[in-house]
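Chains, contacts and geometry: an overview
Residues per chain are reported as follows:
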Amino acid sequence: LTKANAAICAQNKMDMFVTVWMGILELSTGRLCCANAGHEYPAIGKNGSGFALYKDKHGFVIGGMPGMKYTDYTIKLEPGAKLFVYTDGVPEAERADREQFGLERTLTVLRRFEDLPPQSIVTGMSTAVYDFVGDIPQFDDLTMLVLHYKGFTPDGQN
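Source: prediction; values computed, not measured. (Residues numbered from 1 in each chain as written. Predicted model: local features only at pLDDT ≥ 70, side-chain atom pairs only at ≥ 80, totals over all residues. Heavy atoms only, no water.)

Quick notes on the side chain of Asn-5
Summarising the element assignment, Asn-5 is placed in helix 1 (residues 2-10). Setting aside anything within four residues of it in sequence, one finds Asn-5 in contact with Val-61, Ile-62, Gly-63, Gly-64, Met-65, Pro-66, Gly-67, Met-68 and Tyr-70. (Helix = DSSP H or I, 4+ residues; strand = E, 2+ residues; numbered from the N terminus. Contact = heavy atoms within 4.5 Å.)

With respect to the environment of Met-16
Residue position: Met-16 is located in the loop between helix 1 and strand 1 (20-26). Met-16 sits in the exposed class, given a relative accessible area of 54%. The spatial distance from the C-alpha of Met-16 to the C-alpha of Ile-62 is 8.8 Å, given a sequence separation of 46 residues. Apart from residues no more than four positions distant in its own chain, Met-16 is found in contact with Ile-62 and Gly-63. (Buried < 20%, exposed > 50% of the residue type's maximum accessible area, 1.4 Å probe, protein only.)

Observations regarding the packing of helix 2 (residues 102-112) against helix 3 (residues 118-133)
Contact pair helix 2 / helix 3: the axes reach a minimum separation of 10 Å and the direction vectors enclose 140°. Relative to helix 3, the element helix 2 is oriented oblique. The hand of the helix 2/helix 3 crossing is right-handed. Across the interface between the two elements, Arg-105, Thr-106, Val-109 and Leu-110 from helix 2 touch Ile-121, Gly-124, Met-125, Ala-128 and Phe-132 from helix 3. (Axes fitted to C-alpha atoms, helices over the stretch in contact; angles between N-to-C directions. Parallel < 35°, antiparallel > 145°, perpendicular 65-115°, else oblique. Left-handed = near helix turned anticlockwise from the far one by under 90°.)

Some remarks on the sheet that holds strand 3 (residues 43-45)
Taken together, the four strands give an open sheet; going across it, the order is 4-3-7-8, and neighbouring strands pair in antiparallel fashion. Among the strands making up the open sheet, the edge pair consists of strand 4 (51-53) and strand 8 (144-148). Going across the sheet, the axis of each strand differs from the next one's by a mean of 20°, ignoring polarity. In the sheet, strand 7 (residues 82-86) pairs with strand 8 via five bridges, with the strands oriented antiparallel. Residue pairing across strands places Tyr-86 opposite Met-144, the latter belonging to strand 8. Contacting strand 3, strand 4 and strand 7, helix 2 crosses the sheet at an angle of about 155° to strand 4. Where helix 3 meets the sheet, its contacts fall on strand 7 and strand 8, and the angle it forms with strand 8 comes to roughly 150°. (Pairing = 2+ DSSP bridges.)

Printed below as a string of structure tokens:
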């Protein structure tokens, strides 16, 4: 992220920025090395105990200021855990009265669909957001990813 920030800042005539959440999963251990550049908090679901926000270490947005340094952190995913990463277009989706979808509603929807496969969780969240906002045009994207860590066995059967 530090190198990406330097490269983007060097060519950033329009003063644009981007938020980034990055994770590298070691499949054999469930160790997830992560870094956050101004992105939303990830949510983690742990085997039927519901999704909760993981209040990670935020770095500054990419492209916002040269010379920024980014640090990583580690999450240990247990077999069966699910990780939900999303853009701010999800909690900031607004309906006509300007009420936002919000983080609490996001977590409620995740908990409702926690036992479903990743694609069904994304579909359920998209449907919930679109039902909430109705026909109101949105200013931001809805981008979501669900990772389901099933664990690891030496023979590769998981």
